Amino acid sequence: EVQLSESGGGLVHPGGSLRLSCAVSGLDFGYYEFNWVRQAPGMGLEWISYISPTALDISYADSVKGRFTISRDSAQNALYLQMNSLTVEDTALYYCTRGPLYSKSYYNQHWGQGTLVTVSS
Amino acid sequence: FMLTQPHSVSESPGRTVTISCTRSSGSIATNSVQWYQQHPGSAPSLVIFENVQRPYGVPDRFSGSVDTSSNSASLTISGLKTEDEADYYCQSYRGTKQVFGGGTKLAIL
C-alpha cells in the first residue's frame, strides 16, 4: 500500500523557517515525481512545488519562489520542503503528493494526510 | 491561465449533476484536466485523470469530458448518493506547474 506521511508542521513566527518532510513507502521511490500542494483554512487547493524523479527538474509557484526549496532523498525515501521567510499567507495544510508513473501529464495521483503550518506572531 | 468553477451546485439523490471548469486562456485541449474529490477533514482524492479516465476503485457514476467550443472540462456524477457530497476541484498544468480551479461545493439535497 502506498503511503505518504507528512511531518514538520507547527507554529512559527513571521519571518521564520520550517522544514517539512514526507516519508514515502509502498512504491519504488526513485521512479516517481512528487509535488507539494497546500490549502489555507477554508480555502481551495494551491500547487506550490514539483520535483522530477532525478531532481533535475524542479519548479515553484510564484507565491513561494525564492523562499521555498524542494528536495528529495532516495536513501531515505523522503521528500522535503524547506520554507524560509514565512508570512501569515503561508498558513495552510501542506500536502505531499505523488505524480503518475510513465505519464506525460502532471497531476496528483496519491495524497498524504497533510501537515499544518501556522504562521503567527 | 486560470480555471473557473461554479462556487456551488446542488441536486437530489439519484439525479445527475455536472460541474464545469472553464480555462481562461489557451485551449482546454492543450493539457489534460483532472478532477479531485475532497470530503471535509480529509485529503483530496483523484476521481478523473487525463480528461476522461477513472482511477481504479472510482465508480463509473463519475465521468469526465472536455468541450473545446466552450473551452471547458466537465465532471458528471450520475445516480447521486449522499456520500458524493463534497468539494470538487479541477486541475490542469502548464509545463510542470499545476493550476487548480477554485473548487465547487456539491450539496445533496
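A short tour of the structure in this document, coming up. Positions within a chain are numbered from 1, following the residues in the order the chain's sequence is written. Chains carry letters from A onward and ligands carry numbers from 1 onward, assigned in written order. Given that the model is predicted, a residue must reach a pLDDT of at least 70 before its local features are reported, and side-chain atom pairs must reach 80 or more before they are shown or counted; all residues, however, enter totals for whole chains, interfaces and linings. Side-chain numbers here rest on the full set of heavy atoms in the structure, without hydrogens or water.

### Let's talk about the overall build of chain B
Secondary structure is summarised from DSSP: a helix means a run of H or I of at least four residues, a strand means a run of E of at least two, and numbering begins at the N terminus for each. Counting its secondary structure elements, chain B contains zero helices and 10 strands. Ordered by position from the N terminus, the helices and strands of chain B form the series β-β-β-β-β-β-β-β-β-β. At 13 Å, chain B has a C-alpha radius of gyration in line with the 13 Å of a compact globule built from 109 residues. Dimensions along the principal axes, computed over C-alpha positions, put chain B at roughly 35 × 25 × 25 Å. Residue burial is assigned from relative accessible area. The probe radius is 1.4 Å, only protein chains are included, and a residue is buried under 20% of its type maximum, exposed over 50%, and partly exposed in between. Going through the 109 residues of chain B one by one, you find that 50% of them count as buried. Sequence-distant contacts in chain B: of pairs separated by 6 or more residues, those separated by 24 or more amount to 54%. Here chain B has roughly 5,000 Å² of accessible surface; of this, 49% comes from carbon and sulfur atoms. Note that the radius of gyration is over C-alpha atoms, with the globule rule given as 2.2 Å times the number of residues to the power 0.38. Contacts are residue-level and defined by heavy atoms, with any inter-residue pair within 4.5 Å sufficient. With residues, only the protein chains shown are counted as cover, and all accessible areas are computed by Shrake-Rupley using a 1.4 Å probe.

### Some remarks on the sheet that holds strand β7 (residues 72-77) of chain B
Through backbone hydrogen bonds, the strands of a sheet pair up, either in parallel or in antiparallel fashion. Residues and elements named next belong to chain B. Taken in spatial order, the four strands of this open sheet run β1-β3-β7-β6, and their pairing is antiparallel. Since the sheet does not close on itself, it has two edges, and those belong to β1 (3-4) and β6 (62-67), each with one partner. When β6 meets β7, the two strands line up antiparallel, connected through six bridges. Within β7, the position partnered with D67 by the bridge is S72. What makes two strands pair is DSSP finding at least two bridges between them.

### Section: the pairing of β7(B)
All names here are of chain B. Summarising burial for β7: five of the six residues are buried, a large majority. With six bridges joining them, strand β3 (residues 17-23) and β7 adopt antiparallel strand pairing. Within β7, the position partnered with V17 by the bridge is I77. Hairpin connection of β6 to β7: four residues between the antiparallel strands, including N71 at a positive phi of 50°.

### Quick notes on the nonpolar core
Here the nonpolar core consists of buried residues drawn from Ala, Val, Leu, Ile, Met, Phe, Trp, Tyr and Cys, with membership extended through side-chain atoms lying within 4.5 Å. Ranked by size, the top nonpolar core spans 27 residues in total, and within it F34(A), W36(A), F68(A), L79(A), L81(A), M83(A) and Y94(A) carry the most contacts. Top element by residues in this core is strand β3 (residues 18-25) of chain A. It accounts for four residues. Beyond its immediate sequence surroundings of up to four residues, F34(A) is in contact with L4(A), V24(A), F29(A), S49(A), Y50(A), I51(A), I70(A), R72(A), L79(A), T97(A) and R98(A). Ranked by size, the runner-up nonpolar core spans 23 residues in total, among them V17(B), I28(B), V58(B) and L106(B).

### Considerations on unusual backbone geometry
Backbone phi values are negative for most residues with the exception of glycine, while trans is the configuration of most peptide bonds. Non-glycine residue N77(A) carries a positive phi angle of around 50°. Mapped onto the secondary structure, N77(A) falls in the loop between β7 (68-73) and β8 (78-83). Positive phi, normally seen in glycine, also occurs at N51(B), with a value near 75°. Along the chain, N51(B) falls in the loop between β5 (45-48) and β6.

### Here's the deal with the interface of chain A and chain B
Across the contact, 24 residues belong to chain A and 19 residues belong to chain B. Interface area lost by chain A to chain B is led by L45(A), Y106(A) and Y107(A), which between them contribute 35%. By salt bridge we mean one thing: a side-chain nitrogen of Lys or Arg within 4 Å of a carboxyl oxygen of Asp or Glu. On the surface where chain A and chain B come into contact, there are zero salt bridges. Counting residues per element, the ones that place at least two in the side of chain A that touches chain B are β4 (34-39), β5 (45-51) and β6 (58-60) of chain A. The element contributing the most residues to the side of chain A that touches chain B is β5(A), with four residues. Looking at the side of chain A that touches chain B residue by residue, the classes come out as 10 nonpolar, 10 polar and four charged. Accessible-area loss on putting two parts together, using a 1.4 Å probe and summing over both, is the definition of buried area adopted here. Each residue gets one of three labels, nonpolar for Ala, Val, Leu, Ile, Met, Phe, Trp, Tyr, Cys and Pro, charged for Asp, Glu, Lys and Arg, and polar for the others, Gly among them.

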